Amino acid sequence: MERELVVTGVGGQGIQLLAKTLALAATREGRHAMLSADYGGEMRGGPSKASVVIGDRPLRALPVLASAWSAIVVHHRFSEPALARLRPGGPAILNLPLVAPASLPAMTTYGVDAGAVAKSVEAPQAIGFVLLGAYNAVTRLVDPASLVAAMQELLPPYRKQHAAANARALAAGAAVLDGPGADLTEVSR
Amino acid sequence: MTLELLEGSEAIATSAIAAGCRFFAGYPMSPFTGLLENMSRQLPAAGGVCLNAESEIEGVNMTLGAAAAGARAATGSCGQGIALMQEAIAEAALNETPFVVFNMARNQQDYFQATRGGGWGDYRTITLAPKDVPEAVEHAQLAFHLADKHRAPVIFYGDPLLAQTRIGVSVRPLDFGPLPPKDWALDGTGGGTGRSRQVWTWAMGKATDPGPGPDRHWRAIAEKFAAIDAIETRSEQAHVEDAETLVVAFGSAAKFVEYVVEELRADGHRIGWFRPVTLWPFPGGALAAATAGVRRVLVFELNAGQMLDDVRIHAADRSAVRFIGGVSIAESGLAYGDLMDAPVIRDRILTACSEGGRS
């Protein structure tokens, strides 16, 4: 079975890195993965979108997804075209409060205040990894340890000092769903 | 088989080097730049040379020089830059110097440029059009094999999706069979002996060792390309046996068409697809056979209708051919527009099918 994820938001939120981390984690687990990135020349502040497809066989999905099973909505701006392609019922992680909790009524949505979670583990720059941790806790697409390893592999030498904080963000994002007293807002299911 | 998550440009560069490419020269131009960057990163460690040339003209002529010396050599750009390279490509076709031109194109508007020659003289360029990154990895090596086999420049026709999509692939050297020795290469071994070699478009030879001259040489070149036309066509097709409608597409567009046609088959439509893998030589015989029993032949390409000419030439009934593609460019001018999208292609196919009965 192929699972598709679209990640949408604004350049600078960590969208491309989180998508690449998931795709690399799946690849390192010996699975098939595809990553398509779509962002403007602005880098920060412009539209940023990525799609990841993971499967156990050579993939059938196109680099421009006809439809997608799941989503991580990091910001509501620019998100409409990507979200219009979601198949109803699949999981969607919403970055509260930037994304309205009532968004995507046809999906199984999970609201995560990624900014607050990231700050709580002293990783304020790593909201993307909080959302990825939460997404993987819901979908269990890859082993959480694979995400940490992929994140570490992707960091260039001059960013290695962020590896520990990023790992905390991934774990904290997962704990939003798994841990006791989690502030997960399950908007609909 | 271990898969590596590689961007298309990196996968293609890695594959070309695995095929023995040891010289690369080009000038940056999106979406070709990624290939040049990856060649620049990887070639020195493989014992090769990568040069950022002053322009595309210098890049292709440096490549011609390296290839004439016997190296597996390549250049690249996108269609706009390859327009500048046409003189050198024509010379190489006529003086039989094998190298590869990677057209990491911005769209599908370079079909005529790739398949009709573009310089002067009676020649064509073998053109491979992979549909996705895994096939691009194979074609990056096949291109060098075909170039050496036929002593001719070969074009690899890529696009932004092939250049920029990251996908798990395995790159290893592929064996396409034996090749003739490069006993024509200007490797310096004949210097000072009176038997130094020449690579010359006019084939006049030397006073002490006359060549065949342009008349005989260019006749032989024309015959060589006719022979290539007869043996090197490649194509792929599915669901042709019971199809009422056949959709023809190349490159990435063919991957999208294949996806849509499989969905339409699942919905009960009698529809199939055909893909020329080599754009030149065009698989005309295979297309004629595939179209023999169909009611309509739909051509989908992201240009104003270029491959359409070849489909009309070879379809069993040219009056059955309809064009459902069109020009579609992103606002940046650097990538495909909205037409490269499965739901849009599906609508176009269904609309064409409704004009004259059920598919």
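Predicted model only: the values in this text are computed from it and were never measured.

Cut-offs used in this document
- Residues numbered from 1 in each chain as written.
- Chains lettered and ligands numbered in written order.
- Predicted model: local features only at pLDDT ≥ 70, side-chain atom pairs only at ≥ 80, totals over all residues.
- Heavy atoms only, no water.
- Contact = heavy atoms within 4.5 Å.
- Buried area = accessible area lost by both parts, 1.4 Å probe.
- Salt bridge = Lys/Arg side-chain N within 4 Å of Asp/Glu carboxyl O.
- Polar contact = N/O pair within 3.5 Å; in protein donor to acceptor, adjacent residues only side chain to side chain.
- Helix = DSSP H or I, 4+ residues; strand = E, 2+ residues; numbered from the N terminus.
- Buried < 20%, exposed > 50% of the residue type's maximum accessible area, 1.4 Å probe, protein only.
- Pairing = 2+ DSSP bridges.
- Right-handed = clockwise from strand over helix to strand, strands pointing away.
- pLDDT = per-residue confidence, 0-100.
- Patch = residues over 30% accessible without salt bridge, like charges linked within 9 Å, V, L, I, M, F, W, Y side chains within 5 Å.
- Areas by Shrake-Rupley, 256 points an atom, 1.4 Å probe, with all protein chains shown as cover.
- Phe/Tyr/Trp six-rings, centres within 6.5 Å; stacked < 30°, edge-to-face > 60°.
- Axes fitted to C-alpha atoms, helices over the stretch in contact; angles between N-to-C directions.
- Domains from an automatic or database assignment.
- Parallel < 35°, antiparallel > 145°, perpendicular 65-115°, else oblique.
- Left-handed = near helix turned anticlockwise from the far one by under 90°.
- Nonpolar A, V, L, I, M, F, W, Y, C, P; charged D, E, K, R; others polar.
- Core = buried A, V, L, I, M, F, W, Y, C linked by side-chain atoms within 4.5 Å.

Asks: Summarise the interface of chain A and chain B; cite the residues concerned and give the values.
Replies: Taken together, the contact between chain A and chain B spans 20 residues of the former and 17 residues of the latter. Surface buried jointly by chain A and chain B totals about 1600 Å² across both partners, of which 62% is contributed by carbon and sulfur atoms. Linking chain A with chain B are two salt bridges. Among the ionic pairs, Arg28 of chain A bridges to Glu4 of chain B, the shortest N-O distance being 3.3 Å. Summed over the shared surface of chain A and chain B, the number is five residue pairs in polar contact (both at pLDDT 80 or more). When contributions to the side of chain A that touches chain B are tallied by element, the ones reaching two or more residues are helix 1 (15-28) and strand 2 (32-39) of chain A.

Asks: So what's going on with the pairing of strand 15 (residues 296-299) of chain B? Residues and values would help.
Replies: Residue and element names in this part refer to chain B. In strand 15, alternate side chains face the same way, and those of Arg296 and Leu298 on one face and Val297 and Val299 on the other are all buried. Alignment of strand 12 (residues 245-248) against strand 15, held across four bridges, turns out to be parallel. The residue bridging Val248 from the neighbouring strand is Val299, located in strand 15. Relative to strand 16 (residues 321-323), strand 15 is paired through three bridges, and the arrangement is parallel. Its bridge partner being in strand 16, Val299 is matched across the sheet by Phe323. Assessed by its sense of winding, the connection that carries the chain from strand 15 through helix 12 (residues 307-314) to strand 16 is right-handed.

Asks: Describe in detail the confidence of the model for chain A, supporting the description with residues and values.
Replies: Residues and elements named next belong to chain A. Averaged over every residue, the pLDDT of chain A is 90; the share at 70 or more is 92%. When mean pLDDT is compared element by element in chain A, helix 5 (residues 144-154) scores highest at 98, while strand 7 (residues 185-188) scores lowest at 40. Scored below 50 in pLDDT, residues 180-189 makes 25 contacts in the model with residues more than four places away or belonging to other chains.

Asks: Give a detailed account of a nonpolar patch on the surface, specifying residues and quantitative values.
Replies: A cluster of nonpolar side chains, contributed by Trp120, Trp200, Trp202 and Met204 of chain B, occupies part of the molecular surface with about 410 Å² of accessible area. Examined against the element boundaries, Met204 of chain B turns out to sit in the loop between strand 8 (166-169) and strand 9 (205-206).

Asks: Quick one: what's the story with unusual backbone geometry, residue by residue and with numbers?
Replies: Cis geometry is found at the peptide bond from Leu96 of chain A to Pro97 of chain A, where omega equals 0°. Its place among the elements puts Pro97 of chain A in the loop between strand 5 (91-95) and strand 6 (108-112). Each neighbour pair has its own omega, and for Trp280 of chain B with Pro281 of chain B the value is -5°, a cis peptide bond. For Arg140 of chain A, which is not glycine, the phi torsion reads 50° and is therefore positive. Here Arg140 of chain A shows up in the loop between helix 4 (127-139) and helix 5. The exposure class assigned to Arg140 of chain A is exposed, which follows from its relative accessible area of 60%. Positive phi outside glycine occurs at Glu96 of chain B, with the angle close to 60°. Here Glu96 of chain B shows up in the loop between helix 5 (86-95) and strand 5 (100-104).

Asks: So what about the packing of aromatic side chains? Which residues, and what values?
Replies: Residues and elements named next belong to chain B. Counted by the stated rule, this structure contains 10 aromatic pairs over all chains. Note on Phe102 and Phe144: the rings are 6.4 Å apart at their centroids and 55° apart in plane angle, and the pair reads as tilted. A residue pair is termed long-range when its members are at least 10 positions apart, and Phe102 in strand 5 and Phe144 in helix 7 (residues 133-150) qualify at 42 residues. Residue Phe144 is classed as buried on the basis of its relative accessible area, which comes to 2%.

Asks: Describe the side chain of Thr139 of chain A, with residues and values.
Replies: Note that Thr139 of chain A resides in helix 4. Residues within four places of Thr139 of chain A in sequence aside, it is in contact with Trp69 and Pro91 of chain A.

Asks: Report on the sheet that holds strand 5 of chain B, specifying residues and quantitative values.
Replies: Residue and element names in this part refer to chain B. Read from one edge of the open sheet, seven strands run 3-2-4-5-7-6-14, paired in mixed fashion. Single-partner strands in this sheet number two, and they are strand 3 (49-52) and strand 14 (278-280). Neighbour-to-neighbour, the strand axes of this sheet turn through a mean angle of 20°, independent of strand direction.

Asks: So, the domain arrangement of chain B: which residues are in play, and what are the values?
Replies: All names here are of chain B. Under the domain assignment used here, chain B contains domain 1 (4-169) and domain 2 (236-354). Placing a centre on the C-alpha atoms of domain 1 and another on those of domain 2 gives a separation of 26 Å. Taken together, the 27 residues of domain 1 in the interface contact 29 residues of domain 2. At the boundary of domain 1 with domain 2, total buried surface from both sides reaches about 2500 Å², with 55% on carbon and sulfur atoms. If you sort the residues of domain 1 by the area they bury against domain 2, Gln108, Tyr111 and Lys131 come out on top, with a joint share of 33%.

Asks: Describe the packing of helix 3 (residues 56-68) of chain B against helix 5 of chain B, with residues and values.
Replies: All names here are of chain B. For the pair helix 3 and helix 5, the least separation of the axes is 8 Å and the interaxial angle reads 20°. In terms of orientation, helix 3 and helix 5 fall into the roughly parallel class. As helix 3 runs across helix 5, the sense of the crossing is left-handed. Between helix 3 and helix 5, the residues in contact are Val60, Asn61 and Leu64 and Ala88, Ile89 and Ala92, respectively. When grouped by side-chain class, the residues that make up the contact of helix 3 with helix 5 number five nonpolar, one polar and no charged.

Asks: Any details on the nonpolar core? Residues and values, ideally.
Replies: If you look at the biggest cluster of nonpolar residues, it comprises 76 residues, and the most contacted ones within it are Phe24, Leu35, Met39, Phe102 and Val311 of chain B. Broken down by element, the residue count for this core peaks at seven residues, all from helix 7 of chain B. Residue-level mapping places this core at the junction of two domains, with at least three residues from each of domain 1 (4-169) and domain 2 (236-354) of chain B. Setting aside its immediate chain neighbours within four residues, Phe24 of chain B contacts Phe32, Leu35, Leu36, Met39, Leu43, Val49, Cys50, Leu51, Ala74, Thr75, Gly76 and Phe102 of chain B. Core analysis: the second largest hydrophobic core is formed by 46 residues, Ile72, Ala134, Ala163 and Ala169 of chain A among them.

Asks: Give me the lowdown on the pattern of salt bridges, citing residues and values where you can.
Replies: Residues and elements named next belong to chain B. Counting across every chain of the model gives 23 salt bridges over all chains. Of the charged contacts in the structure, one is a salt bridge between Lys224 and Glu96, with a shortest N-O distance of 2.9 Å. You can see Lys224 sitting in helix 9 (residues 213-231) and its partner Glu96 sitting in the loop between helix 5 and strand 5, a full 128 residues away along the chain. Across the pair, exposure class does not vary: Lys224 and Glu96 are buried alike. When salt bridges that share partners are traced, they join Lys131, Glu135, Glu236, Glu258 and Arg275 into one network.

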